[in-house]
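As a plain string of letters, each chain reads:
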Amino acid sequence: MTELKEHDKDINSFLEFASEDAAASVAASANQDGPLAGLTFGVKDNIAVEGMHLTCGSKMLKDFVSPYDATAVRKLKEAGAVCVGKTNLDEFGMGSSTDNSALAVTNNPWDLECVCGGSSGGSAAAVAAGLVPFALGTDTGGSVRQPASFCGVYGLKPTYGVVSRFGLVAYASSLEVCGILADSVDTTRKVFEVIKGKDGSDQTSIDHIPASADAETVAVLAGDLGLKPEVETAYKKAVDGLKSSGMKIIEVELPMLDYGIAAYYTIAMAEASANLARYNGVRYGHRSAEAGSFEDLMRMSRDEGFGDEVKLRILLGTYVLRSGFQDQYYTRAQKIRTAVRNEFDGVFTKADMIMLPAFPTAAFKHGDQSLDQFQQKLADKFTVAANLSGMPAMSVPVSVENGLPVGMQLMAPVFAEERIFKVAEKLAEVLPPAACPLSMAGQRTTEAK
Amino acid sequence: MEKDDLLITAAQAQLALSAEEAGRLETAVSEMLDYFEMMNEVDVSNLPPTTHALVRENALREDNPNPNNNQEDLVNRAPENEDNFIVIPNVL
């Protein structure tokens, strides 16, 4: 544990490490015959781990300690894995850099001046730095896949509902899933097999009914996609890589992608405004010391506890749900959600899989003015479709350009995670993922039993 | 969005925005609302709304009582509590 803390000093991927004693006693009593025995893992700090903080990267929950484990965490522990700590994130999962965390700044282990991506940035950085072979994240609009791309690791957003959200702090309930950041396809698969499955504690959870794992044809986007040169180059390399592994490539167009961003943010913010209404300074979380009345207690606790990005989304969400505006925004967004989904369903009649970039840029520098919060939202155009439609998608490291990793996203119909894993393995043979220069290589267990 | 509208929305969202904060957020809110306008370009007349990606029906289960012994543990997480109650300012 001391070694992990020392190695994390410049990266700052963890907000909290398990105490030496707690980790030792958990490791001693862990299921030595479980499928994940011997593996350590990190947990994004919006997912509950009993006895550890659950801050959501927010001043609102800075001192909150979780009384129970999330279902995914419980299953991992039962499978023999040992949780070593909680990782940094954009406040309540809202952002693309982890710089929206109110509690700490996390640096990209490939270049400490760059962001690690977000919102599951701490989890991605921890895996890239070799601190843990895998970490849990959450993906509402790309929050597992984009940081995976920025940090050169694998990042799976499973089919909606297949992994229980019990113990995951709600942001946008109809879009978010619990996902996996890992150092290999094999680790991702093993962790997914453990955490998936219907859970009585989450009414939206469903059983996983595996779809065909066969893939022959991969659809890619044609034309100018507005990518930075390093991502353009990586996309071409990945297409060539698929061809050399025997895949057939077809070119398609997805005109709904741009509208998908507007629909996604309308829905996500509407759901956020409702989900975050629970933070009112009464039962838990930050309470304003200044408030004299009950109403002030709520209003001031929320104002003091939330950061700007969270307030922005609550305001917009409240606005689009105001009476008189619902049809114009929220209902229309839900209809466009259907159109996005229909468009992808159409492509899946011609192709077994789609490959898109995870993000139009590689990791950018902290405070980069050319990519402000608004521009970062528009850049989610390749990732939000999977959340709107529910399909699984995984960011796969394919290249290192100018010293920074770039990942591509493999997307498949619902329940076809294994199809994605197989193609990702083929890609890894022709484009082997590079190790991060700052990785604690050799000091960890990378292969599960 | 006009400033008045922003303040009405903030009141509905139970957010005590300072004037400085309202000024800072006003631009960002308007920028996103302008962006949302592009949704009007899509003909949605024959499209049903999607509320959830994969959930088709209500999830029902037997209503069986289960023991829950962490009541004290939960009340203790409140910012202020007394005799197993959560304390708030007077409402009357």
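Residues numbered from 1 in each chain as written. Chains lettered and ligands numbered in written order. Predicted model: local features only at pLDDT ≥ 70, side-chain atom pairs only at ≥ 80, totals over all residues. Heavy atoms only, no water.

Here we come to the UniProt feature "active site" (unreviewed entry) in chain A. Residues and elements named next belong to chain A. Cross-referencing UniProt, the feature "active site" (unreviewed entry) maps to Lys44, Ser119 and Ser143 in the present numbering. What stands out for the annotated residues spanning 100 residues is how close their C-alpha atoms remain, the widest pair being 10.9 Å apart. From the set just named, the residues that line the largest cavity comprise Ser143. Relative to the helices and strands, Lys44 is located in strand β2 (residues 40-44). Accessibility expressed as a relative area gives 0% for Lys44, which makes it buried. The contact partners of Lys44, leaving out residues within four places of it in the chain, are Lys86, Thr87, Leu89, Gly93, Ser119, Ser120, Ser123, Leu136, Gly137, Thr138 and Ser143. Summarising the element assignment, Ser119 is placed in the loop between β3 (82-87) and α4 (121-128). When its relative accessible area of 1% is taken as the criterion, Ser119 is described as buried. (UniProt positions renumbered as here; feature names shortened; annotations may be inferred. 1 Å grid on protein atoms, 1.4 Å probe; cavity = no way out; pocket = protein on both sides within 12 Å on 5 of 7 lines; lining within 4 Å. Helix = DSSP H or I, 4+ residues; strand = E, 2+ residues; numbered from the N terminus. Buried < 20%, exposed > 50% of the residue type's maximum accessible area, 1.4 Å probe, protein only. Contact = heavy atoms within 4.5 Å.)

Taken together, A:Asp372, B:Glu31, B:Asp34 and B:Glu37 make up a surface patch of like negative charges. Position of B:Asp34 relative to the elements: it lies in helix α2 (residues 19-36). (Patch = residues over 30% accessible without salt bridge, like charges linked within 9 Å, V, L, I, M, F, W, Y side chains within 5 Å. Areas by Shrake-Rupley, 256 points an atom, 1.4 Å probe, with all protein chains shown as cover. Salt bridge = Lys/Arg side-chain N within 4 Å of Asp/Glu carboxyl O. Lys, Arg positive; Asp, Glu negative; His and termini not counted. Charge placed at Lys NZ, Arg CZ, Asp CG, Glu CD.)

Attention now moves to the nonpolar core. Counting 173 residues, the largest nonpolar core has A:Leu76, A:Phe92, A:Phe344, A:Met355 and B:Phe36 as the members making the most contacts within it. In terms of residue count, helix α8 (residues 257-275) of chain A provides more of this core than any other element does, twelve residues in total. With sequence-adjacent residues up to four places away left out, A:Met355 is seen in contact with A:Val218, A:Ala219, A:Val220, A:Leu221, A:Tyr235, A:Ala238, A:Val239, A:Leu242, A:Met408, A:Gln409 and A:Leu410. (Core = buried A, V, L, I, M, F, W, Y, C linked by side-chain atoms within 4.5 Å.)

Turning our attention to the environment of A:Leu321. Residue and element names in this part refer to chain A. Position of Leu321 relative to the elements: it lies in the loop between α10 (308-320) and α11 (327-347). As a C-alpha pair, Leu321 and Thr331 span ten residues in sequence and 9.5 Å in three-dimensional space. Among residues more than four places away in sequence, those in contact with Leu321 are Ala270, Ser273, Gln326 and Tyr330.

Next up on the list: the pattern of salt bridges. All names here are of chain A. Scanning the model with the defined rule gives 28 salt bridges over all chains in all. Glu193 is paired through a salt bridge with Lys196; the nearest N and O atoms lie 3.2 Å apart. For Glu193, a relative accessible area of 42% translates into the label partly exposed. Salt bridges sharing common partners tie together Asp186, Arg189, Lys190, Glu418 and Glu425.

Before going further, it helps to examine the pairing of strand β6 (residues 177-182) of chain A. Residues and elements named next belong to chain A. Burial runs high along β6: six of the six residues are buried. Pairing geometry for strand β4 (residues 134-139) and β6, over six bridges, is antiparallel. Bridging from a neighbouring strand, Gly137 pairs with Gly179 of β6. The sheet contact formed by strand β5 (residues 154-157) and β6 spans three bridges and is antiparallel. Pairing of Leu156 across the sheet is with Ile180, part of β6. (Pairing = 2+ DSSP bridges.)

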